[in-house]
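The lines below spell out each chain.
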Amino acid sequence: MGLDIRIPLGLIFLITGGLMSVYGFITRGNAAIYEKSMGINLNLTWGLIMFVFGLIMFLIGRRKKWQDDPVTPRPWERSSGPQH
């Protein structure tokens with residue numbers, strides 16, 4: 001019925017992490033950029049972490065579960081006998 005917050009949150013992290021990963025991958029050979037971070041490519045590292053987190057959030061938000069459906073009753077809530 002409503003929009004799950006995990007979907008837009010996952011998309012934000014997917015896009016941001018993807019951009020950071022691409023930038024980190026492109027600049028991986030430039031030592032001057034990563035001098036302040038002791039030579040560690042933080043753009044690539046945290047970009048990949050953010051991308052994976054966003055992917056997990058997005059996939060969890062997109063899955064369809066019968067527990068989340070307010071219209072269809074759960075199997076144990078359905079009446080097995082005649083309606084009165």
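Everything in this summary refers to the structure shown in the same document. (Residues numbered from 1 in each chain as written. Predicted model: local features only at pLDDT ≥ 70, side-chain atom pairs only at ≥ 80, totals over all residues. Heavy atoms only, no water.)

**Some remarks on the environment of Ile5**
Its place among the elements puts Ile5 in the segment before helix 1 (6-26). Note on Ile5: relative accessible area 63%, which makes it exposed. Separated by 56 residues in sequence, Ile5 and Gly61 have C-alpha atoms that sit 7.5 Å apart. (Helix = DSSP H or I, 4+ residues; strand = E, 2+ residues; numbered from the N terminus. Buried < 20%, exposed > 50% of the residue type's maximum accessible area, 1.4 Å probe, protein only.)

**Here's the deal with helix 1**
Between its first and last C-alpha, helix 1 extends 29 Å over 21 residues, near the 30 Å set by a 1.5 Å rise per residue. The complete set of buried residues in helix 1 reads Ile7, Gly10, Leu14, Gly17, Ser21 and Gly24. Buried residues in helix 1, looked at end-on, bunch into an arc of 125°, giving them a common side. The exposed residues of helix 1 that point more than 90 degrees off its buried face are Ile12, Ile15, Leu19 and Ile26. If you follow the buried residues of helix 1, they end up packed against helix 2 (42-62). (Expected span 1.5 Å × (residues − 1). Arc of directions from axis to C-beta. Contact = heavy atoms within 4.5 Å.)

**As for the packing of aromatic side chains**
Within the structure shown, the criterion is met by one aromatic pair. With a centroid separation of 4.9 Å and an interplanar angle of 80°, the aromatic rings of Phe13 and Phe53 are classed as edge-to-face. Within this pair, whereas Phe13 is found in helix 1, its partner Phe53 is found in helix 2, the two being separated by 40 residues in sequence. The class for Phe13 is partly exposed, based on a relative accessible area of 25%. It is Arg28 that lies over the ring of Phe25; its NZ or CZ is 4.1 Å from the centre. (Phe/Tyr/Trp six-rings, centres within 6.5 Å; stacked < 30°, edge-to-face > 60°. Lys NZ or Arg CZ within 6 Å of the ring centre and 35° of its normal.)

**Observations regarding the side chain of Asn41**
Mapped onto the fold, Asn41 is located in the loop between helix 1 and helix 2. In this structure Asn41 comes out as buried when scored by relative accessible area, which is 13%. A polar contact is formed between the side chain of Asn41 and the backbone nitrogen of Leu44, at a distance of 3.2 Å. (Polar contact = N/O pair within 3.5 Å; in protein donor to acceptor, adjacent residues only side chain to side chain.)

**Overview of helix 2**
Compared with the 30 Å implied by 1.5 Å per residue over 21 residues, the 30 Å span of helix 2 between its first and last C-alpha is a close match. Here helix 2 has its buried residues at Gly47, Met50, Gly54, Met57 and Gly61. Projection of helix 2 onto a plane perpendicular to its axis shows the buried side chains occupying an angular sector of 95°, all on one side.

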